[in-house]
Amino acid sequence: MHRVPVLKIGDLLLVSIQVDMEDQTALALQQDLSDRIVQSGCHGVIIDITAMDIVDSFVGRMLSTIAAIARVLDAETVVVGMRPAVAITLVELGLSLNGIRTALNVERGMELLARSRQDDADHVRGSDSDTAWMLALGPDPDHPTATAS
Amino acid sequence: MTGRPDLSTPQVVTINSDADVVRVRQLVRTAAVAVSLSLVDQTKLVTAASELARNTLVYGGGGGAEVGVVDSGRRKGIRIVFSDEGPGIANLELALTDGYTSGGGLGLGLGGARRLVDEFEVQTGTGQGTRVTITKWARSM
Amino acid sequence: MAITADESSRFAALLDSHAARLVERWTEVTAASVRGRMTEAELRQQVQELHRALRAALAEGQFDLAADASGALRATLSEMSRSRAQQGFTATETAVSVFALKDALVDVLDVRSGDQRALADYVTASGVVDQLGLFTFERYARSREELLADQAEQLLELSTPVVKLWEGVVAIPLVGTLDSARAQVVMERLLQTLVDTGSPYAIIDITGVPAVDTQVAQHILKTVVAARLMGAECIVSGIRPQIAQTIVALGIEFGDIATKATLADALRHALRTIEQSRRGNGSAARGAREA
């Protein structure tokens, strides 16, 4: 039976599912990942499903279970890279992947995890006014409207 | 004729293990590509096939899937028949309800699969085994 | 109408012995029907190809348009039908390109003299040409259908542009009637654009949509849920009062989907959310800590 590798990158665990998984492989991954979270002391898990051309209810349930187990072990899980066709199919199937956080790609997933672990040390920086975020987000800092206020 | 796989006669896969479920998915994918189903429709059909193949294995105690091409004249499609000699489904209506499960799953298998295909038919009864036929048509020619 | 092997070979011989005159007259009659929209040289080449393919098929023995031996002939006819359909010729104009062979044969065979053999040959040939004509007509119709389907699809693509509004925000301004098929295309394109651009926010603007029925509302809802599964948020903007009434009257639950009056409001909302999440955990988390 094929086993899906679990990689440790910094303080994150990254799982990239590259094969058409047998159900046993999915169950083994659930087990492996729980072990690795405890061993490594990581607080974030990214499961990359970019390569998966379908997610059925079995795999969906595995993802939910992994997220739930990880939460108990004080780690947060983000599923990234779901293809549009897979998402549309899941909606039709009626699977909502409750309790799972998702992001478009690995990079966004890492941002999401970094944010949720971040001590809000920067809360004092900046105000809550609308102009503040306009300044911060403007693609062109020299644009006159961005500096007007 | 083109270099596509020959699906003029239905291909049969026996379902007796996890690996067979994977094989069903792969065969259905090849067939769906051959009749030019859109990517979303391919994904829906393969997902439905995966659900039903697993049902055949888990609830039916194993069985088979027959994958073939159907042609209505105007458009082509894929028809898959899953059959097993298992205990059958006593209350079909209940089994088709979302959230109902007898096997510890999410209970989306049968009802969910029905929403993913164009035609869905179940023949079953207590002690009679189960036979599920699904069809998905290409959107246009 | 089946013809014998002998009749086939007689027809083949006829095409052979009078090749030049037949092609000449055939081209002439065809040219008269397509009136200057194709060059003489172009037509002559097509007629020559048809002539060659027909002769080859007849030489194979008992002629049958559906047989393997006639494959090249069918391909030639299909190709001609397709190009005529694309160039906008009518069905009649296209069919004449085949039926013109009859005119040419009348001249060559001198049918009017009453020669029995010539008459018999003409009847055989005429039967074959009719078959070719029908085949051509069928192919022409199919090509037209494909052409229309392609155009409809192109129109669909053109009518649903997905635009990037800001770093991380894409929008799809919907204009015109949304039917189920179009809503489906819209849904797929929007979700693909989220992946391609890595944008976590999408605005579905329905200012230009006159009415929404249950099915379309369901499609929009499904798009929002699918986007969420992929890790992106959708905002629906530009809901007209009538549409809001319809949505409520139909009992469609928009749930916790963000809706805004205008595209501008939606963009502002998206940007604010991006900024909040950049600062920390968003307002909810901050509120919790401050409490």
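Worth saying up front: this structure is predicted, and the values here are computed from it rather than measured.

**Description of the overall build of chain B**
Okay, step 1: Counting its regular elements, chain B contains four helices and five strands.
Okay, step 2: For chain B, the sequential pattern of α-helices and β-strands runs β-α-α-β-β-α-α-β-β.
Okay, step 3: For chain B, buried positions account for 51% of its 141 residues.
Okay, step 4: Pairs at least 24 apart in sequence give 62% of the contacts found in chain B among residues at least 6 apart.

**Brief notes about helix α10 (residues 263-279) of chain C**
Okay, step 1: Its 17 residues place the ends of α10(C) 24 Å apart at the C-alpha level, agreeing with the 24 Å of an ideal helix rising 1.5 Å per residue.
Okay, step 2: Within α10(C), the full set of buried residues consists of Ala266(C), Leu267(C), Ala270(C), Leu271(C), Ile274(C), Glu275(C), Ser277(C) and Arg279(C).

**Overview of the interface of chain A and chain B**
Okay, step 1: Tallying the contact residues gives 20 residues for chain A and 23 residues for chain B.
Okay, step 2: Of the roughly 1,900 Å² buried between chain A and chain B, counting both surfaces, carbon and sulfur atoms make up 57%.
Okay, step 3: Joining chain A to chain B, the criterion identifies six salt bridges.
Okay, step 4: Between Asp53(A) and Arg29(B) there is a salt bridge, and its shortest N-O distance comes to 3.7 Å.
Okay, step 5: In this structure, the connection of chain A to chain B is made through ten residue pairs in polar contact (both at pLDDT 80 or more).
Okay, step 6: Of all the elements in the fold, those that place two or more residues in the side of chain A that touches chain B are α1 (23-40), α2 (57-72) and α3 (84-93) of chain A.
Okay, step 7: At six residues, α3(A) tops the list of elements feeding residues into the side of chain A that touches chain B.

**Here's the deal with the sheet that holds strand β5 (residues 101-103) of chain A**
All names here are of chain A.
Okay, step 1: Pairing within the open sheet is mixed, and its five strands lie in the order β1-β2-β3-β4-β5. Two strands in the sheet have a free side with no partner beyond their single neighbour: β1 (6-9) and β5. In this sheet, adjacent strand axes meet at a mean angle of 25° when their direction is disregarded.
Okay, step 2: One ladder, built from five bridges, connects strand β3 (residues 44-48) with strand β4 (residues 76-80); its direction is parallel.

**Some thoughts on a nonpolar patch on the surface**
Residues and elements named next belong to chain A.
Okay, step 1: A cluster of nonpolar residues, Val-38, Val-72 and Leu-73, forms a patch on the protein surface that exposes about 290 Å² of accessible area.
Okay, step 2: Residue position: Leu-73 is located in the loop between α2 and β4.
Okay, step 3: You can call Leu-73 partly exposed: its relative accessible area is 32%.

**Focus: the confidence of the model for chain C**
Residues and elements named next belong to chain C.
Okay, step 1: Averaged over all residues, the pLDDT of chain C is 85; the fraction at 70 or higher stands at 95%.
Okay, step 2: Ranking the helices and strands of chain C by mean pLDDT puts strand β4 (residues 233-237) first, with 94, and helix α11 (residues 282-290) last, with 37.
Okay, step 3: Throughout residues 281-291 the model reports pLDDT below 50, and contacts reaching past four residues in sequence, or to other chains, amount to 13 contacts.

**Brief notes about the pattern of salt bridges**
Okay, step 1: Evaluated as defined, the whole model comprises 25 salt bridges over all chains.
Okay, step 2: Notably, a salt bridge pairs Asp56(A) with Arg25(B), separated by 3.7 Å at the nearest N-O pair. On the criterion of chain membership, the pair formed by Asp56(A) in the loop between β3 and α2 and Arg25(B) in helix α1 (residues 18-34) is interchain, its members lying in two chains.
Okay, step 3: Between Arg10(C) and Asp121(C) there is a salt bridge, with the nearest N and O atoms lying 2.6 Å from each other. Pair noted here: Arg10(C) is in helix α1 (residues 5-17) and Asp121(C) is in helix α6 (residues 116-158), with a separation of 111 residues, a long-range link.
Okay, step 4: Residue Asp121(C) is classed as buried on the basis of its relative accessible area of 16%.
Okay, step 5: Beyond isolated ion pairs, a larger network of salt bridges with shared partners links Asp20(A), Asp23(A), Asp56(A), Arg25(B) and Arg54(B).

**Considerations on the sheet that holds β4(C)**
Residues and elements named next belong to chain C.
Okay, step 1: Across the sheet, five strands lie side by side as β1-β2-β3-β4-β5; this open sheet has mixed pairing. Bordering the open sheet on either side are β1 (163-166) and β5 (258-260), each of which pairs with just one other strand. Across the sheet, the axes of successive neighbouring strands diverge by a mean angle of 30°, strand direction being ignored.
Okay, step 2: Of the strand pairs in this sheet, β4 and β5 are connected by three bridges, and their pairing is parallel. Within β5, the position partnered with Ile-235 by the bridge is Ala-258.
Okay, step 3: Across the sheet, helix α8 (residues 214-230) is in contact with β3 (201-208) and β4; its angle to β4 comes to roughly 155°.

**With respect to the environment of Ala28(A)**
Okay, step 1: Along the polypeptide, Ala28(A) turns up in helix α1.
Okay, step 2: Along the primary structure Ala28(A) and Arg3(A) are separated by 25 residues, whereas in three dimensions their C-alpha atoms are 7.1 Å apart.

**Quick notes on unusual backbone geometry**
Okay, step 1: In this structure, Asp74(A) takes a positive phi of about 60° despite not being glycine.
Okay, step 2: Within the secondary structure, Asp74(A) is located in the loop between α2 and β4.
Okay, step 3: A relative accessible area of 43% places Asp74(A) in the partly exposed class.
Okay, step 4: Although it is not a glycine, Ser36(B) sits at a positive phi angle of roughly 60°.
Okay, step 5: Relative to the elements of secondary structure, Ser36(B) occurs in the loop between α1 and α2 (39-58).

**Observations concerning the packing of α1(C) against helix α5 (residues 91-109) of chain C**
Residue and element names in this part refer to chain C.
Okay, step 1: At a closest axis distance of 12 Å, the pairing of α1 and α5 adopts a crossing angle of 80°. Taken together, the axis directions place α1 and α5 in an arrangement best described as roughly perpendicular. When α1 is examined against α5, the residues Phe-11, Leu-14 and Leu-15 are found in contact with a partner set consisting of Leu-101, Leu-105 and Leu-109.
Okay, step 2: Broken down by class, the residue content of the contact of α1 with α5 amounts to six nonpolar, no polar and no charged.

**Details of helix α4 (residues 71-86) of chain C**
Residue and element names in this part refer to chain C.
Okay, step 1: In this model, α4 (16 residues) spans 22 Å end to end at C-alpha, consistent with the 22 Å of a helix rising 1.5 Å per residue.
Okay, step 2: Those residues of α4 not exposed but buried are Leu-73, Thr-76, Leu-77, Ser-78, Met-80, Ser-81, Ser-83, Arg-84 and Ala-85.
Okay, step 3: After α4 finishes, the residue Gly-88 shows a positive phi value of roughly 85°.

Thresholds, definitions, all that
- Residues numbered from 1 in each chain as written.
- Chains lettered and ligands numbered in written order.
- Predicted model: local features only at pLDDT ≥ 70, side-chain atom pairs only at ≥ 80, totals over all residues.
- Heavy atoms only, no water.
- Helix = DSSP H or I, 4+ residues; strand = E, 2+ residues; numbered from the N terminus.
- Buried < 20%, exposed > 50% of the residue type's maximum accessible area, 1.4 Å probe, protein only.
- Contact = heavy atoms within 4.5 Å.
- Expected span 1.5 Å × (residues − 1).
- Buried area = accessible area lost by both parts, 1.4 Å probe.
- Salt bridge = Lys/Arg side-chain N within 4 Å of Asp/Glu carboxyl O.
- Polar contact = N/O pair within 3.5 Å; in protein donor to acceptor, adjacent residues only side chain to side chain.
- Pairing = 2+ DSSP bridges.
- Axes fitted to C-alpha atoms, helices over the stretch in contact; angles between N-to-C directions.
- Patch = residues over 30% accessible without salt bridge, like charges linked within 9 Å, V, L, I, M, F, W, Y side chains within 5 Å.
- Areas by Shrake-Rupley, 256 points an atom, 1.4 Å probe, with all protein chains shown as cover.
- pLDDT = per-residue confidence, 0-100.
- Parallel < 35°, antiparallel > 145°, perpendicular 65-115°, else oblique.
- Nonpolar A, V, L, I, M, F, W, Y, C, P; charged D, E, K, R; others polar.

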